[in-house]
Amino acid sequence: MEKRDTYKICRFDVRSYECGPDGRIRPEALCDYMQEAASLNAADLGFSKTDFEPLNISWVMTRLRMVLSERPRWGESLEVLTFPRGLRRLLAWRDFVLTGSGGSVIARASSEWAAINLSTRKAVPIPPRVTECSNTVREPVLGESPFSKFSYPVDPAEEFAAQYRVRKADIDLNGHVNNVRYIEWMLESVPLELDGMCFPEELEVVFRSETMLGETVYARSAKAPGAPGTFVHSVAGEDGTEHITGRTVWRMPAGK
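Below is a summary of the structure that appears in this document. (Residues numbered from 1 in each chain as written. Predicted model: local features only at pLDDT ≥ 70, side-chain atom pairs only at ≥ 80, totals over all residues. Heavy atoms only, no water.)

A closer look at the overall build of the protein chain
Moving on, step 1. From N to C terminus, the protein chain includes four helices and 11 strands.
Moving on, step 2. Overall size of the protein chain, expressed as C-alpha extent along the three principal axes, is 50 × 45 × 35 Å.
Moving on, step 3. A buried classification covers 53% of the 256 residues belonging to the protein chain.
Moving on, step 4. The long-range share in the protein chain, meaning contacts at least 24 apart out of those at least 6 apart in sequence, stands at 72%.
Moving on, step 5. Approximately 12,700 Å² of the protein chain is accessible, and the part contributed by carbon and sulfur atoms is 50%.
Moving on, step 6. Of note, the protein chain has its 32 positive side-chain charges centred 2 Å away from the centre of its 36 negative side-chain charges. (Helix = DSSP H or I, 4+ residues; strand = E, 2+ residues; numbered from the N terminus. Buried < 20%, exposed > 50% of the residue type's maximum accessible area, 1.4 Å probe, protein only. Contact = heavy atoms within 4.5 Å. Areas by Shrake-Rupley, 256 points an atom, 1.4 Å probe, with all protein chains shown as cover. Lys, Arg positive; Asp, Glu negative; His and termini not counted. Charge placed at Lys NZ, Arg CZ, Asp CG, Glu CD.)

Observations regarding the environment of asparagine 179
Moving on, step 1. Within the fold, asparagine 179 resides in helix H4 (residues 179-188).
Moving on, step 2. Measuring from C-alpha to C-alpha, the distance between asparagine 179 and glutamate 112 comes to 12 Å, with 67 residues separating the pair along the chain.
Moving on, step 3. For asparagine 179, the residues in contact, after removing those within four places along its chain, are Gln35, Met61 and Phe207.
Moving on, step 4. In this structure the side chain of asparagine 179 is engaged in a polar contact, spanning 2.6 Å, whose partner is the side chain of glutamine 35. (Polar contact = N/O pair within 3.5 Å; in protein donor to acceptor, adjacent residues only side chain to side chain.)

Description of the packing of helix H1 (residues 27-45) against H4
For any two helices packed against each other, one specifies the inter-axial angle together with the distance between the axes.
Moving on, step 1. Where H1 meets H4, the closest approach of the two axes is 9 Å, and the angle between their N-to-C directions is 170 degrees. Comparing the axis directions of H1 and H4 gives the class roughly antiparallel. Of the residues in H4, those in contact with Pro27, Glu28, Cys31, Asp32 and Gln35 of H1 are Asn179, Val180, Arg181, Ile183, Glu184 and Leu187.
Moving on, step 2. Classifying every residue of the contact of H1 with H4 by side-chain character gives five nonpolar, two polar and four charged. (Axes fitted to C-alpha atoms, helices over the stretch in contact; angles between N-to-C directions. Parallel < 35°, antiparallel > 145°, perpendicular 65-115°, else oblique. Nonpolar A, V, L, I, M, F, W, Y, C, P; charged D, E, K, R; others polar.)

Quick notes on H1
Moving on, step 1. Taking 1.5 Å of rise per residue, 19 residues should cover 27 Å, and H1 covers 27 Å from first to last C-alpha, within 8% of that figure.
Moving on, step 2. Positioned one or two residues after H1, glycine 46 has a phi angle of 90 degrees, which is positive. (Expected span 1.5 Å × (residues − 1).)

Next up, the structure:
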């Protein structure tokens, strides 16, 4: 089989409204950049949401893991390299490498995607066009098996929570809550002691079910037993339906 390098590089300038009080970009803004780069690469390769519209299907992210070593400041530029790296019948994988203005790698990420029928909201087989464009040159950036197993504890010793009502601004092109909004909610529910003092150097999310306009969700975070600086997360509906589970590892400030 002929080797193919089906990557794309997108350049972004960090804007003031994407930064926190420390003047550095928020992790969820980096996730927005990756989502945009993925959409543009898919469009180049002929399997974007627009290309899928005649089939009445669209992409949804099912998993994401990002390892972050540095956050650029307001006004800095960065590059997002992305490529599709393989698939099986119902799932496709895409990787990312984020590079700062100095040329150093600031983050690596792997993602997992499914195609859904927009009428039934059920997963369908990945169209053959995607198979033809799988990258056969680049190695997986976080290894062949980048995702871990974790779950939210049934009865956590200590829990931090926040409540949200889904707004129009939270809804994406697929008519449900955008995946990055879940990450925002998840990070908002961590203890205030972390706010502005450190950042998640590792972030992993499993997207389990859709959330629609007007629904109320509950974001919960709990410290992972025996793992300092690690939290597990859940965002669920009023009926208890779990929309996501997550895991974060926080870089603690010196002396903590």
